Amino acid sequence: QVQLVESGGGLVQAGGSLRLSCAGSVRTFSSYGMGWFRQAPGKEREFVAAITGSGGMTYYGDSVKGRFTISRDNAKNTVYLQMNSLKPEDTAVYYCAVRVFGNTYYYPTSYAFWGQGTQVTVSS
């Protein structure tokens with residue numbers, strides 16, 4: 001049974017920073033790409049960032065490029081999302097997931113085994 005547990009969310013003022021963590025029970029964790037998505041109320045789930053199994057390649061959504069950084073520590077079965085220069089529009093529930101299907105990182109349908117999500121709220 002694969003489990004993903006996100007942590008690190010919270011309330012922060014605009015311009016501040018947060019670091020999200022996602023700890024997984026995935027066997028051979030380093031074999032799988034990992035992604036972060038977010039979903040705000042009334043909106044579709046949005047791609048935020050992804051990283052290949054080795055950590056050698058990263059991908060970002062246009063709205064977070066230059067502000068967010070994804071990384072991973074395969075020895076700890078953990079993927080991180082460093083979020084800097086946060087804006088009120090970054091407010092959402094953030095989810096991590098394991099990429100299992102297809103050959104793209106940008107769509108939720110490429111992922112299975114989602115975490116429960118962690119709330120990020122950015123005040124203006």
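The present account deals with the structure reproduced in this document. For clarity, every value in this text was computed on a predicted model and none was experimentally measured.

## Quick word on the pairing of strand β4 (residues 34-39)
Burial within β4 is extensive, with 5 of its 6 residues counted as buried. Across 5 bridges, the pairing between β4 and strand β5 (residues 46-51) is antiparallel. By the bridge assignment, R38 is partnered in β5 with E46. Hairpin connection from β4 to β5: 6 residues lie between these consecutive antiparallel strands, with G42 at a positive phi of about 80 degrees. Pairing analysis gives 6 bridges linking β4 to strand β9 (residues 92-99), with the strands arranged antiparallel. Directly across from M34, in β9, lies its bridge partner V98.

## Quick notes on the sheet that holds strand β7 (residues 68-73)
Pairing between sheet strands relies on hydrogen bonds along the backbone, with the strands arranged either parallel or antiparallel. Sheet architecture is open: 4 strands sit in the order β1-β3-β8-β7, paired in antiparallel fashion. Two strands bound the open sheet, and with one partner strand each, they are β1 (4-7) and β7. Between one strand axis and the next, the sheet turns through 15 degrees on average, direction left out of account. Sheet topology note: the β7/strand β8 (residues 78-83) ladder contains 6 bridges and is antiparallel. The residue of β8 that forms the bridge with R72 is V79.

## Looking at the environment of Q82
Mapped onto the secondary structure, Q82 falls in strand β8. Judged by its relative accessible area of 26%, Q82 falls in the partly exposed class. In the structure, Q82 is positioned 63 residues away from R19 in sequence and 4.4 Å away in space, judged by C-alpha atoms. The contacts of Q82, once residues within four sequence positions are left out, are S17, L18, R19, R67, F68 and T69. At 2.9 Å, the side chain of Q82 forms a polar contact with the side chain of N84.

## Things to note about the state of the cysteines
Scanning the entire structure with this criterion turns up 1 disulfide. Each sulfur in the disulfide pair C22 and C96 lies 1.9 Å from the other. One disulfide, between C22 and C96, carries an S-S torsion of 60 degrees and so falls in the right-handed class. Taken together, the residues span a long stretch of sequence, with C22 in strand β3 (residues 18-24) and C96 in strand β9 at a distance of 74 residues.

Rules behind the numbers
- Starting from 1, residues in each chain are numbered consecutively following that chain's sequence as written.
- Local features are withheld for residues below a pLDDT of 70 in this predicted model, meaning they are given only at 70 or higher, and side-chain atom pairs are given and counted only at 80 or more; totals for whole chains, interfaces and linings count all residues.
- The side-chain figures draw on all heavy atoms in the structure; neither hydrogens nor water molecules are used.
- Remark: exposure states derive from per-residue accessible area (1.4 Å probe, protein chains only) relative to the maximum for the residue type, with buried under 20%, exposed over 50%, and partly exposed in between.
- Counting from the N terminus, the helices are the DSSP runs of H or I reaching at least four residues and the strands are the DSSP runs of E reaching at least two.
- Following DSSP output, two strands are said to pair if at least two bridges run between them.
- Think of each axis as a best-fit line through the C-alpha atoms, taken over the contacting stretch in the case of a helix, with angles from 0 to 180 degrees between the N-to-C directions.
- By definition, residues are in contact when any of their heavy atoms lie within 4.5 Å.
- The term polar contact refers here to a pair of N or O atoms within 3.5 Å; inside protein, the definition further demands a hydrogen-donor-capable atom paired with an acceptor-capable atom, and it admits residues adjacent in sequence only when both atoms are side-chain atoms.
- Disulfides are defined as pairs of cysteine sulfur atoms found within 2.5 Å of each other.

Nothing here speaks to function; it is geometry throughout.
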